[in-house]
Amino acid sequence: MKQILLVEDELVISRVLKAYLQKEDYQVWQAENGNDAIRLFEEQKPDLVLLDVMLPEMNGWEVLKYIRERSACPVIMMTALGQTDQKLKGFNQGADDYITKPFVAEEVVARVNAVLRRSAILVKDQETRFFGGLKINFKSHSVTLHGIDLQFHPKDLSLLLFLAQNPNRTFSREQLIEHLWGMDYEGSDRAVDLAIKRIRKTLQNWPASEGEIKTLRGVGYQFSVFDKS
């Protein structure tokens, strides 16, 4: 049974969402403030966090920052602030999706299902793969190069994991945005280019004889691998 951490200080909304999520066979943990959210996150290790932005004691952005410093757990932000700049802030800080209030509970459940499906793509039968000296663990979301841990921005890591799960396949910017940012993403597709640039910088010591993040002009990006031992 998948576990959802629902962080919402409006009790009526929290109760309704919990009921709908339980109908989908999710186990739901509830928090009404940022401090309780962090405590439950550490205790329960949820599969996904539904996180309101406006919270007492510690706001949603602070909770998101805490989670992203420790985990790649999917996070869906919820807020009454519908401006594009707020959505971009959420995505740039590592949120996986964004829901604007008011919303219907069925939409929230649908988005939870969609984000968990996208997350599940990254964990297939083979948990760890080696690409020369590059080791990627798809379950723990960890990457090492010649035994040295590599650190990535959360969305960059998700992008690398997705590409590495599909070596030598080419994906357009639009496909990558749909898989990793969601169809409702309203930012520029340049976000993909910038993420690829950062990934390449982090992988700069990965020998070209073993693989590379390749650009196919006019087509998209590819995790091109020469040594898949």
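It should be noted that the structure appears before, not after, this text.
Let me begin by describing the structure that accompanies this report. (Residues numbered from 1 in each chain as written. Predicted model: local features only at pLDDT ≥ 70, side-chain atom pairs only at ≥ 80, totals over all residues. Heavy atoms only, no water.)

### Structural notes on the environment of Q165
No. 1: Considering the arrangement of structural elements, one finds Q165 in helix α6 (residues 154-165).
No. 2: The exposure class assigned to Q165 is buried, which follows from its relative accessible area of 9%.
No. 3: When the C-alpha atoms of Q165 and I136 are compared, they prove to be 9.6 Å apart, with 29 residues separating the residues in sequence. (Helix = DSSP H or I, 4+ residues; strand = E, 2+ residues; numbered from the N terminus. Buried < 20%, exposed > 50% of the residue type's maximum accessible area, 1.4 Å probe, protein only.)

### What about the environment of Q3?
No. 1: Inspection of the secondary structure puts Q3 in strand β1 (residues 3-7).
No. 2: Taking C-alpha positions, Q3 is 6.8 Å from L48, a pair spaced 45 residues apart along the chain.
No. 3: Setting aside its immediate chain neighbours within four residues, Q3 contacts Q27, W29, Q44, P46, D47 and L48. (Contact = heavy atoms within 4.5 Å.)

### Overview of the packing of aromatic side chains
No. 1: Throughout the structure, instances matching the rule amount to three aromatic pairs.
No. 2: With a centroid separation of 4.9 Å and an interplanar angle of 75 degrees, the aromatic rings of F131 and F223 are classed as edge-to-face. In this pair, F131 sits in strand β6 (residues 128-131) while F223 sits in strand β12 (residues 220-225), placing the two residues 92 residues apart along the sequence.
No. 3: For F131, a relative accessible area of 0% puts it in the buried group.
No. 4: Looking at F223, the relative accessible area reads 0%, which means it is buried.
No. 5: On the numbers, 4.8 Å between centres and 55 degrees between planes, the contact of F162 with F171 is tilted. Each member of the pair F162 and F171 is classed as buried.
No. 6: The rings of F131, W206 and F223 are connected pair by pair, giving a single aromatic cluster.
No. 7: We note K23 situated over the ring of Y20; from NZ or CZ to the ring centre the distance is 5.1 Å. (Phe/Tyr/Trp six-rings, centres within 6.5 Å; stacked < 30°, edge-to-face > 60°. Lys NZ or Arg CZ within 6 Å of the ring centre and 35° of its normal.)

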